[in-house]
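Chain by chain, the residues run as shown.
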Amino acid sequence: MKKIINQPDQVVDQMLDGLSFAYDSIVMRLPQTTVIARKYQKNGKVGLVSGGGSGHEPSHAGFVGRGMLSAAVCGQVFTSPTPDQILEGIKAADEGAGVFLIIKNYTGDVLNFEMAKDLAELEDITVDFIVVDDDIAVEDSTFTTGRRGVAGTVFMHKILGSAAEAGASLEEIKRLANQVNEQLFSIGLALSPATNPEVGKPGFELGDKEIEFGIGIHGEPGYRREALQPSHELAEEFVTKLKKEAGWQAGDRLALLVNGMGATPLMEQFVFMNDVKQLLVDQEQLELSFIKVGDYMTAIDMAGLSLTLLKLTDERWLDHLNSAVDVIGW
Amino acid sequence: MKKIINQPDQVVDQMLDGLSFAYDSIVMRLPQTTVIARKYQKNGKVGLVSGGGSGHEPSHAGFVGRGMLSAAVCGQVFTSPTPDQILEGIKAADEGAGVFLIIKNYTGDVLNFEMAKDLAELEDITVDFIVVDDDIAVEDSTFTTGRRGVAGTVFMHKILGSAAEAGASLEEIKRLANQVNEQLFSIGLALSPATNPEVGKPGFELGDKEIEFGIGIHGEPGYRREALQPSHELAEEFVTKLKKEAGWQAGDRLALLVNGMGATPLMEQFVFMNDVKQLLVDQEQLELSFIKVGDYMTAIDMAGLSLTLLKLTDERWLDHLNSAVDVIGW
Amino acid sequence: MATIEQWLEALLHFCEEIPQHKDQLNQLDSAIGDGDHGSNMTRGVQAVKDKLDTSSYSELTDLFKDIGMTLVSKVGGASGPLYGSAFISMAKTATESSDPTALMAAGLEGIKKRGRAEPGEKTMIDVWQPLVDKLHAGQLTQEAVSEAFQNTKEMKASKGRASYLGDRSIGHLDPGAQSSAYLFDCLMKAGVLNE
Amino acid sequence: MATIEQWLEALLHFCEEIPQHKDQLNQLDSAIGDGDHGSNMTRGVQAVKDKLDTSSYSELTDLFKDIGMTLVSKVGGASGPLYGSAFISMAKTATESSDPTALMAAGLEGIKKRGRAEPGEKTMIDVWQPLVDKLHAGQLTQEAVSEAFQNTKEMKASKGRASYLGDRSIGHLDPGAQSSAYLFDCLMKAGVLNE
Ligand SMILES: Nc1ncnc2c1ncn2[C@@H]1O[C@H](COP(=O)(O)OP(=O)(O)O)[C@@H](O)[C@H]1O
Ligand SMILES: Nc1ncnc2c1ncn2[C@@H]1O[C@H](COP(=O)(O)OP(=O)(O)O)[C@@H](O)[C@H]1O
Ligand SMILES: [Mg+2]
Ligand SMILES: [Mg+2]
Ligand SMILES: [Mg+2]
Ligand SMILES: [Mg+2]
């Protein structure tokens, strides 16, 4: 393991100190916690809290600030934060109009955020939540844990953040969250695995010329291993899979996120973007109304990328995506 | 070589298409060129043009837009662009008040930009330039090529971009550029080399536990190879070297850039930031008035980072660093 | 009926066993999860040990509550709320009963409720459920513990991270089942649960 | 005095030689630069070849100017402007003289002026300068070409990327000197320059 760190078990603590010091005009670390909260005048709006295991930087602390999250609760690397920490995040986010939790669909995250909700309600804070499950690599079924929450969560942060900033109520945010979640579809691939510093070795092995389709953001293996292909073939695999799940018609409007997994240069992300464009715009005749390319939801040092589509079934979502924010990573 | 690309010799072309499509509200690719220019109403201000070889994304196209660059001229990977392309960039940037070139100190860049300046002057465009040379890893001497231009160039873009936006004249920009360049100091290290897609193999070899101090942003080897050390020792090496070159006194104000080289996760960059903070703030008693952490001037897929200091000898530079921009990568 | 000293001895032993098997638990979790179950549990039991070393207990309910809260706030992941809920549920039952079988049954219910899971889904429940059944029948044995744990191998996961693997989860032992097996072992060794 | 056909033959030959030595030139450049000199020059001479194949020339000055402009706009890096300046400078001189020695001397001046470099700095100038000197003395030989090129090995670079290496540049041949040696070889083979 080759990493610029000190003791592996100090990584999250030191990272949060580094981040909150560097961007102290936007965020602060709540003392004695792993919560990054925004510096912002409270004014009776709905607070938004997200979080999860660390290792997805700039998620989630990088999206804390005006127009996006009120607080991010950062667990150990790839490990859900605990309810007491989430409770601190909820308290920091509370402006009196209720707090909304953006949870990615992992058993650990769901259980810990649920317990935190219970604790918060004991302190008379109204809490509601969405469980984001955009990863179509995993088969969905009511008999299983269902789809994972991955990079699409960042669009959820942005849209809900903008709505909250505009003064939406907790119920309105909940409804919006459900609607967005239904139109959110992601899929990823890896060229190399991630190495959790506390584990010290890669989460899986890939041959020199192998890639893995359908990986998660914690080094979970995916659905198929293959020889490396040109970018346009990778794009084709993704678009085919997404079309099957999302369904669309010529003229539909989409928001799109090409997301690097942490060790993939922007050069490759933009080449891939160009191939995606050819498929979605030139061939499928879709309208890409909003696009982001870059590292938004990473898996530490994994090389690879994911593609997220949001079907813009509501015109206002585009305004929410475009509205101004003051955060580190958007 | 494991990369998400198509034909290696098409990388720059496809990357620029992907970038300009994704961010078409901010930039456009000038037809038949490798120039990314901003979409912006011309209004008689000084135009700023930067560029160089590709492979440093988000530099330089990611800094084109309101408040920063007017155009970025993108060469082949790690290869200076040619004078005819630079001339197109200059023409696109020209609003009638002259065009200022931000050149990194490499023989190729200097020669090609100089030739472009000659060509532009034949077309009656007044052109001036700065050669940025912030890399203290290379010994400076009037008898050699001198220091390289590296990540500090991004601060140059930001400060000059803000000044130009505010209406500074070509002479004022030139003076400002010289002043900033004198106070700009950078140094980098690598954990792994970069692989130019057209070359197909890494620029140098590093052992499993080796790092290299003083690398350039094109896979140039550095000044010393050592065993991997904890982050705080790496920070110490950098701070010692920077102090020797930059010199400072307790209370001095600095702008700081922790820059990832392309494959280094933000996790590591923030841990490193925390160690730098302890040395510069807690120990050296400096005031870090402006900080950025992230990938700004990369070397494709190199793992490593660099540290840039700008001594804020003029109060107004801070305002320039803080002013609003509309670009992809700041 | 087990004394509080026996419970303490068993649980302190558990706090030593888990760190010793940290790598093994991480490895089991690498195969079908994210490789951190050993690290998560170790972080938790070390905090539990600190808590137990600096506290004294006369009531089982207080002991279980402290353990549950400590696990909830230190482990994280899926296993933190699950083990935490087990002990918090045991703490509630301990106000009425000190019967080990009733207490372990309460623990099982806590896990099932929190995890919304049933036996056969390849989780820690597949150790807890059969062993609580054995306890009720007065037939708990060392072999029953390892048998329950081994049975998770051929199951297909439908809860937790392993469920993402679908059929590919078959053939691997469940890490949470292994840590639970250690818990039952410790409870038997200290005589809290009898063969 | 060489005919324009001889110049054309030599230069077309150069356009074939460079791509054949692309990897070698890249390798030389990897050792002390950024490994692209072969790729850069190949990109350039392929464009030159396209240009020459689709044009016809009656004046040396037109030939040199086209080659110079093509190299400048296709090669990039340091070598593009340098080779480009050499040919543009030759084009200027060709309006007055068709003496190969005078033309090559003009090329050398173009490089020195553009690159602000002198002999001994471990660049292509260390091939051009001694060979132009030999031309003036009427003593150009194949051996002189390879001797000049080999002499760059023990030089310490003070211009171009290799200068970043300081003393560590010693012991490596200069890639630009190699590509220039190929140019002189081609000019000699076609009889433009005589032994
Ligand atoms: N819904 C559930 N009900 C019961 N046990 C579960 C459930 N989900 C996961 N588990 C248990 O948790 C274990 C994984 O714990 P751990 O690795 O610490 O958490 P995470 O999966 O968040 O990394 C699994 O091996 C399984 O025994
Ligand atoms: N200032 C200079 N004067 C003359 N020749 C130079 C100078 N700088 C570099 N060169 C030549 O250019 C060659 C490198 O060319 P190339 O690799 O194509 O460009 P770059 O260094 O930009 O990658 C060197 O080997 C050297 O011969
Ligand atoms: Mg985990
Ligand atoms: Mg080059
Ligand atoms: Mg786990
Ligand atoms: Mg080169």
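All figures in this text were calculated on a predicted structure; none of them were measured in a lab. (Residues numbered from 1 in each chain as written. Chains lettered and ligands numbered in written order. Predicted model: local features only at pLDDT ≥ 70, side-chain atom pairs only at ≥ 80, totals over all residues. Heavy atoms only, no water.)

**So, the interface of chain D and chain B**
- Contacts between chain D and chain B engage 27 residues on the former and 29 residues on the latter.
- Summed over both sides, the interface of chain D with chain B buries roughly 2,200 Å², with 53% coming from carbon and sulfur.
- The largest share of the area that chain D buries against chain B comes from Arg114, Arg161 and Tyr164 of chain D, three residues that together contribute 28% of it.
- Connecting chain D to chain B are 3 salt bridges.
- Among the salt bridges present, the one from Arg116 of chain D reaches Glu114 of chain B, with a minimum N-O distance of 2.2 Å. (Contact = heavy atoms within 4.5 Å. Buried area = accessible area lost by both parts, 1.4 Å probe. Salt bridge = Lys/Arg side-chain N within 4 Å of Asp/Glu carboxyl O.)

**Some details on the coordination of the magnesium ion (ligand 6)**
Residue and element names in this part refer to chain D.
- Coordination sphere of the magnesium ion (ligand 6), protein contribution only: Asp29 (OD), Asp34 (OD) and Asp36 (OD), at 2.0 to 2.1 Å.
- Each donor residue of the magnesium ion (ligand 6) lies on the same chain, and together they follow the pattern D-x4-D-x1-D.
- Between the magnesium ion (ligand 6) and the magnesium ion (ligand 4), the interatomic distance is 3.5 Å, and Asp34 donates to each metal, bridging them. Pair check on accessibility: Asp29 and Asp34 agree, each one buried. (Donors = N, O, S within 2.8 Å, 3.2 Å for Na, K, Ca; no water. Buried < 20%, exposed > 50% of the residue type's maximum accessible area, 1.4 Å probe, protein only.)

**Quick notes on the relation of the copies chain A and chain B**
- Superposing chain A onto chain B takes a rotation of 180° plus a shift of 0.0 Å along the axis, which leaves an RMSD of 0.0 Å. The transformation just described matches what one would write down for a two-fold rotation axis. By C-alpha distance to the rotation axis, the residue of chain A lying nearest is Ala263 of chain A, at 1.9 Å.
- The overlap is high: 100% of the interface residues of chain A also sit at the interface in chain B, so the same surface is used on both sides. (Least-squares fit on C-alpha atoms with pLDDT ≥ 70 in both.)

**Some points on the sheet that holds strand β2 (residues 35–38) of chain A**
Residues and elements named next belong to chain A.
- Strand order in the open sheet formed by 6 strands is β1-β2-β4-β3-β5-β6, with mixed pairing between adjacent strands. The open sheet terminates on both sides in strands that have one partner only, identified here as β1 (27–29) and β6 (127–132). Neighbour-to-neighbour, the strand axes of the sheet open up by a mean angle of 20°, direction not taken into account.
- Direction of pairing for strand β5 (residues 99–104) relative to β6: parallel, over a ladder of 6 bridges. Following the sheet pairing, Lys104 is matched in β6 by Val132.
- Strands β3 (47–54), β5 and β6 of the sheet are contacted by helix α5 (residues 170–182), whose axis makes an angle of about 5° with β6. (Pairing = 2+ DSSP bridges. Helix = DSSP H or I, 4+ residues; strand = E, 2+ residues; numbered from the N terminus. Axes fitted to C-alpha atoms, helices over the stretch in contact; angles between N-to-C directions.)

**Some details on the site of ligand 2**
- Among the 22 residues in the neighbourhood of ligand 2, the closest are listed as Asp34, His37, Ala78, Ser79 and Asp174 of chain D.
- Of the chains in the model, those with residues near ligand 2 are chains B and D.
- Isolated, ligand 2 exposes 570 Å² of accessible area, and the fraction of that covered by the protein chains is 96%.
- Of all elements in the fold, only α3 (37–53), α5 (79–94) and α9 (175–189) of chain D reach the threshold of two or more residues within the shell around ligand 2.
- Ranked by residues supplied to the shell around ligand 2, first place goes to α9 of chain D with 3 residues.
- Counted by class, the shell around ligand 2 contains 7 nonpolar, 9 polar and 6 charged residues. (Near = heavy atom within 4 Å. Areas by Shrake-Rupley, 256 points an atom, 1.4 Å probe, with all protein chains shown as cover. Nonpolar A, V, L, I, M, F, W, Y, C, P; charged D, E, K, R; others polar.)

**What about the pairing of strand β12 (residues 303–311) of chain B?**
All names here are of chain B.
- With 9 of its 9 residues buried, β12 lies for the most part within the structure.
- Pairing of strand β7 (residues 184–192) with β12 involves 8 bridges; the strand directions are antiparallel. Paired with Phe185 across the two strands is Leu309, which belongs to β12.
- In terms of strand pairing, strand β10 (residues 253–260) meets β12 through 7 bridges, oriented antiparallel. Residue pairing across strands places Leu254 opposite Lys311, the latter belonging to β12.

**Notes on the arrangement of the chains**
- When the 3 pairs of chains in contact are ranked by number of contacts, first place goes to chains A and B.
- A minimum C-alpha distance of 40 Å separates chain C and chain D, which share no contact.

**Focus: the packing of helix α6 (residues 231–246) of chain A against helix α7 (residues 266–283) of chain A**
All names here are of chain A.
- The contact between α6 and α7 brings their axes to 9 Å, and the two run at 50°. On the basis of their axis angle, the class for α6 and α7 is oblique. Relative to α7, the crossing made by α6 is right-handed. Taken together, the residues of α7 that come into contact with α6 (itself represented by Ser231, His232, Leu234, Ala235, Glu236, Phe238 and Val239) are Val271, Phe272, Asp275, Val276, Leu279 and Leu280.
- Partitioned by chemical class, the residues of the contact of α6 with α7 number 9 nonpolar, 2 polar and 2 charged. (Parallel < 35°, antiparallel > 145°, perpendicular 65-115°, else oblique. Left-handed = near helix turned anticlockwise from the far one by under 90°.)

**What about the domain arrangement of chain A?**
Residues and elements named next belong to chain A.
- Per the domain assignment, the segments of chain A are domain 1 (12–182) and domain 2 (184–322).
- A separation of 23 Å is found between the C-alpha centroids of domain 1 and domain 2.
- Of the residues lining the interface, 35 residues belong to domain 1; the matching set on domain 2 comes to 38 residues.
- Buried surface at the junction of domain 1 and domain 2, summed over both partners, amounts to about 3,000 Å²; 66% is from carbon and sulfur atoms.
- Summed over the shared surface of domain 1 and domain 2, the number is 1 salt bridge. (Domains from an automatic or database assignment.)

**Quick notes on the site of ligand 1**
- In the vicinity of ligand 1 there are 22 residues, among which Asp34, Asp36, Ala78, Ser79 and Asp174 of chain C approach most closely.
- Of the chains in the model, those with residues near ligand 1 are chains A and C.
- Within the side chain of Asp36 of chain C, a nitrogen or oxygen atom sits 2.9 Å from an oxygen atom of ligand 1.
- At a separation of 3.0 Å, an oxygen atom of ligand 1 approaches a polar backbone atom of Met124 of chain C.
- Its free accessible area being 570 Å², ligand 1 has 97% of it covered by the protein chains.
- The set of elements that each furnish at least two residues to the shell around ligand 1 consists of α3 (37–53), α5 (79–94) and α9 (175–189) of chain C.
- Per element, the largest residue contribution to the shell around ligand 1 is 3 residues, and it comes from α9 of chain C. (Polar contact = N/O pair within 3.5 Å; in protein donor to acceptor, adjacent residues only side chain to side chain.)

**What to know about the confidence of the model for chain C**
- Across chain C, the average pLDDT comes to 95, with 100% of residues at or above 70.
- Both confidence scores are given for the complex: pTM 0.94, ipTM 0.92. (pLDDT = per-residue confidence, 0-100.)

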